[in-house]
Structure formats: structure tokens, C-alpha cells
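This is what each chain is made of:
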Amino acid sequence: QVQLVESGGGLVQAGGSLRLSCAASGRTFSRYVMGWFRQAPGKEREFVAAISRSGGSTYYADSVKGRFTISRDNAKNTVYLQMNSLKPEDTAVYYCAADYLGAVAGYTAGEYDYWGQGTQVTVSS
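Keep in mind it's a predicted model, so treat the numbers as computed, not measured.

Peer 1: Account for the overall build of the protein chain, naming residues and giving values.
Peer 2: When helices and strands are counted, the protein chain shows 0 helices and 11 strands. In sequence order, the secondary structure elements of the protein chain are arranged as β-β-β-β-β-β-β-β-β-β-β. For 125 residues, the compact-globule estimate of 2.2 N^0.38 gives 14 Å, and the protein chain sits close to it at 13 Å. Dimensions along the principal axes, computed over C-alpha positions, put the protein chain at roughly 40 × 25 × 25 Å. Residues counted as buried form 44% of the 125 residues belonging to the protein chain. Partitioning the contacts of the protein chain with sequence separation of at least 6, the portion at a separation of at least 24 is 59%. Taken together, the 12 basic and 10 acidic charged side chains of the protein chain have centroids lying 6 Å from each other.

Peer 1: I'd like to hear about the sheet that holds strand β1 (residues 2-7), residue by residue, with values.
Peer 2: Across the sheet, 4 strands lie side by side as β1-β3-β8-β7; this open sheet has antiparallel pairing. Every interior strand has two partners, whereas the edge strands, β1 and β7 (68-73), have only one. Between one strand axis and the next, the sheet turns through 15° on average, direction left out of account. By the bridge criterion, 6 bridges tie strand β3 (residues 18-26) to strand β8 (residues 78-83) in an arrangement that is antiparallel. Among the inter-strand pairings, C22 is bridged to a residue of β8, identified as V79.

Peer 1: Outline the packing of aromatic side chains, supporting the account with residue identities and numerical values.
Peer 2: Two numbers describe a pair of aromatic rings. These are the distance of the centres and the angle of the planes. Scanning the entire structure with this criterion turns up 8 aromatic pairs. Ring plane angle 80° and centroid distance 5.7 Å describe the contact between F37 and F47, whose orientation is recorded as edge-to-face. Taken together, the residues F37 in strand β4 (residues 32-39) and F47 in strand β5 (residues 46-51) connect sequence positions 10 residues apart. Like F37, the residue F47 is buried in the burial classification. Through a chain of ring-to-ring contacts, three or more aromatic side chains come together here, namely F37, F47, Y59, Y107, Y112 and W115.

Peer 1: If you had to explain the side chain of S21 to someone new, which residues and values would you point to?
Peer 2: Note on placement: S21 falls in strand β3. Other than its neighbours up to four places away in sequence, S21 contacts V5, E6, S7, W36, T78, V79 and Y80.

Peer 1: Tell me what's going on with the pattern of salt bridges, and back it up with residues and numbers.
Peer 2: Evaluated as defined, the whole model comprises 4 salt bridges. The closest approach of N and O atoms between E46 and R38, which form a salt bridge, is 2.6 Å. The class of R38 is buried, set by a relative accessible area of 6%. For R67, the salt bridge goes to D90, with nearest N and O atoms at 2.7 Å. Here D90 lies in the loop between β8 and β9 (92-100) and R67 lies in the loop between β6 (58-60) and β7, a separation of 23 residues in the sequence. Each of the salt bridges in this network shares a partner with another, and the network as a whole consists of R38, E46, R67 and D90.

Conventions used here
Residues numbered from 1 in each chain as written. Predicted model: local features only at pLDDT ≥ 70, side-chain atom pairs only at ≥ 80, totals over all residues. Heavy atoms only, no water. Helix = DSSP H or I, 4+ residues; strand = E, 2+ residues; numbered from the N terminus. Rg over C-alpha atoms; globule rule 2.2 N^0.38 Å. Buried < 20%, exposed > 50% of the residue type's maximum accessible area, 1.4 Å probe, protein only. Contact = heavy atoms within 4.5 Å. Lys, Arg positive; Asp, Glu negative; His and termini not counted. Charge placed at Lys NZ, Arg CZ, Asp CG, Glu CD. Pairing = 2+ DSSP bridges. Axes fitted to C-alpha atoms, helices over the stretch in contact; angles between N-to-C directions. Phe/Tyr/Trp six-rings, centres within 6.5 Å; stacked < 30°, edge-to-face > 60°. Salt bridge = Lys/Arg side-chain N within 4 Å of Asp/Glu carboxyl O.

It is worth stressing that arrangement in space is one thing and function is another; only the former is reported here.
Encoded structure:
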């Protein structure tokens, strides 16, 4: 089992940047495909980005492509989400998720085995 703890959320003006971190503890971090999802009030949880176990492949939702970057440091058991050019529509609770021994990065929440508690990101206009 792995425990995931997100940090780095906050309030930022439109056009600004934030970097989210997700620290993992427990079983070998490099065995997990890692993903970021978000959920805005009244909306379903949606895929944001994912990264393969080695970090060699990354995947993004069209809505964030070119603005967000996912990365991981397997030595530090941490995955990051660098968010630039933030828009008010990026406002949501952001969740980190882990898929044990995933073969490819998943786009749906059901593919992930473990979840963090979430961190709030609010972008003001």
C-alpha cells in the first residue's frame, strides 16, 4: 500500500503559476504510474496528467496541454505538477493518484488504486 500527500495548492491570480507536489510513502514508488486529477464544485473528477513509471512518458488533458507539466523524482518518491498560465477554470481540488504496476498511464479514475486527500487550487480573475 502507498500513502499519498499533496501540497502546494493555494490562491493565485490568472496568468500565475503554482507547483503541486505529491509525496508517496510505502511500497516502491517506481512501481506506480502516477496521475493528477481535479474536481471542481458540482463537476465530476477529471483527468489532468499522468506519467509512466520511469518518467519517460507523459500524458495530458487537452485543456492543460502546453500549460501544465508533470514530472517525477523516483529517488525522492515525489511527483510534481507545474502549472503555468493558470486560468479561473483551473480552479478545483487537485488529487494525486497511483496505479500499482500500471502498464500505461491511465486517463480514468478507476484505473488508479490509491489517492491523496487533495489540495485546493483557486485561480482568481
